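Summary of the model geometry
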Amino acid sequence: MIEQTYQMLWDCPYCGTDKLLGLTHRHCPSCGSAQAEDKRYFPSDEDKVAVADHKFSGADKDCPACSSPMAAAAAHCGNCGSPMDGAAAVKLKSDAPAPDPQKAKGSGNGKLIGIGCVVLLGLGLVFLLVTMLWKKDVTLEATSRSWERSILIEAKQPTKEAKWCDNLPRDAYAVTRSSKQRDTKKIPDGETCTTKRKDNGDGTFNEYQDCKPKYREEPIYDEWCAYTADRWHEARTLNAAGDASSAPDWPTVTLAKTGECVGCEREGKRSDSYVVQFLDADGKTHDCDLVEARWAGIEIGSKWTSKASVIGGSLDCKGLERAP
Ligand SMILES: [Zn+2]
Ligand SMILES: [Zn+2]
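This is a predicted model, so every value here is computed, not measured.

Our next topic: the overall build of the protein. Scanning the protein from terminus to terminus reveals two helices and 13 strands. Its C-alpha atoms give the protein a radius of gyration of 43 Å, more than 25% over the compact-globule value 20 Å for 324 residues. With respect to the three principal axes, the spread of C-alpha positions in the protein is 115 × 65 × 35 Å. Within the protein, the fraction of its 324 residues that count as buried is 13%. Within the protein, counting contacts between residues at least 6 apart in sequence, those at least 24 apart form 66% of the total.

Further remarks concern the environment of asparagine 200. Along the chain, asparagine 200 turns up in the loop between strand 8 (173–199) and strand 9 (204–243). Sequence separation between asparagine 200 and methionine 8 is 192 residues; the distance between their C-alpha atoms is 9.1 Å. What asparagine 200 contacts, discounting residues up to four positions off in sequence, is Phe56, Ala59, Phe205 and Asn206.

With that settled, consider the domain arrangement of the protein. By the assigned domains, the protein splits into domain 1 (101–133) and domain 2 (146–322). Each of domain 1 and domain 2 has a C-alpha centre, and the two are 33 Å apart.

With that out of the way, let us pick up the sheet that holds strand 4 (residues 40–41). Backbone-to-backbone hydrogen bonds pair the strands of a sheet. The strands run either parallel or antiparallel. One open sheet holds the three strands; their spatial order is 3-2-4, and the pairing between them is antiparallel. This sheet does not close on itself; its edge strands, each paired only once, are strand 3 (20–21) and strand 4. Bridge count between strand 2 (residues 9–10) and strand 4: two bridges; the pairing is antiparallel. Note that in strand 4 the partner of tryptophan 10 across the bridge is arginine 40.

What follows covers the pairing of strand 9. On a regular strand, one side chain projects to one face of the sheet and the next to the other, so that they alternate. Pairing analysis gives four bridges linking strand 1 (residues 4–7) to strand 9, with the strands arranged antiparallel. By the bridge assignment for strand 9, glutamine 4 is matched with glutamate 207. In this sheet, strand 9 lies alongside strand 7 (residues 135–164) in antiparallel orientation, the contact comprising 19 bridges. Across the sheet, the residue bridging to tryptophan 147 is glycine 242, located in strand 9. Sheet topology note: the strand 8/strand 9 ladder contains 22 bridges and is antiparallel.

Turning our eyes to something else, we now look at unusual backbone geometry. One non-glycine residue, lysine 19, lies in positive phi territory at about 55 degrees. With respect to the secondary-structure elements, lysine 19 resides in the loop between strand 2 and strand 3. Classification of lysine 19 as partly exposed rests on a count of 15 C-beta atoms within 10 Å. The backbone of aspartate 53 shows a phi angle near 50 degrees, a positive value even though the residue is not glycine. Structurally, aspartate 53 is set in the loop between strand 4 and strand 5 (61–62).

Here the focus is the environment of aspartate 38. For aspartate 38, the position within the fold is in the loop between strand 3 and strand 4. With 233 residues separating them in the primary sequence, aspartate 38 and serine 271 have C-alpha atoms 82 Å apart.

Time to look at the nonpolar core. By size, the foremost hydrophobic cluster in this structure holds nine residues: Tyr6, Met8, Leu9, Trp10, Cys12, Leu20, Leu23, Val51 and Phe205. Val276, Phe278, Cys288 and Leu320 belong to the second-largest nonpolar core, a separate cluster that totals eight residues.

Glancing now at the pairing of strand 7. Here strand 7 pairs with strand 12 (residues 303–309) via seven bridges, running antiparallel. Opposite leucine 140, over in strand 12, you have tryptophan 304 as the bridge partner. Of the strand pairs in this sheet, strand 7 and strand 10 (residues 265–280) are connected by 14 bridges, and their pairing is antiparallel. Directly across from alanine 155, in strand 10, lies its bridge partner glutamate 265.

Parameters and conventions
- Residues numbered from 1 in each chain as written.
- Chains lettered and ligands numbered in written order.
- Predicted model: local features only at pLDDT ≥ 70, side-chain atom pairs only at ≥ 80, totals over all residues.
- Helix = DSSP H or I, 4+ residues; strand = E, 2+ residues; numbered from the N terminus.
- Rg over C-alpha atoms; globule rule 2.2 N^0.38 Å.
- Buried ≥ 20, exposed ≤ 12 C-beta atoms within 10 Å, placed from the backbone.
- Contact = placed C-beta atoms within 7 Å.
- Domains from an automatic or database assignment.
- Pairing = 2+ DSSP bridges.
- Core = buried A, V, L, I, M, F, W, Y, C linked by C-beta atoms within 7 Å.

If you want it as structure tokens, here you go:
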């Protein structure tokens, strides 16, 4: 990468002469005052002055007595004559753009909104806890019992599916193949370059190209298979239900045909539920979904106690106890 060296510029703060050269004019040609390195700046493109065959011997050092910038090799200050022993290198100018004050203001507002959100969330959580934990004692009477049992029946049916052809299931038939994009690949496509500037600290700066590789995306195609296969699907549900007068029983299963044929049927998932309805002293009804053994032991007309939430009034069905 080719680097080009240019002069930094400085403006004389005493006589107002501007665009003085950082390397050539160590003193102001108009009034003779010494250059101060904190006055150095990067020139605009039309004010750039190139330095041919520049020998870089290190960033300038600040004179410990008068703060004038001196070449790194100098043993004494050219301005006041002080020895340069232990002098520190000058501060370098940054090429980065100044931060946008408008943006900083915006993020301050964002912080306030964030705090507001946290406060609201906290209040919501407190309300939820009160709803869940604030409970009162209730007395109950069991008024009715009901049960429900169901069995899902599945049937085998021709089913349309699609997959990448290298994953085609063995039982697939009526297969049609097509081309489809499966992935993308990154292909190197030259470089993106920006011009950057680096302060050398000796009254000059270097301009260089900062380049990063660029890529373009290209699709990768593969074979896509649409096909039919015979699959099990939920077809119907068999239900049985009753109240306290009947013992829970599973519905009678009748299958159209058994086996692996199209149209064959098989038993699927079973589910059951056992509900007792209670009446509280305020005349409000509560449903409790219980395990079968618990449900069977609660006679109609029996008295129970438990807790109910003050807000919403929902009954704690796990806390049911026979009333003394
Ligand atoms: Zn001057
Ligand atoms: Zn000095």
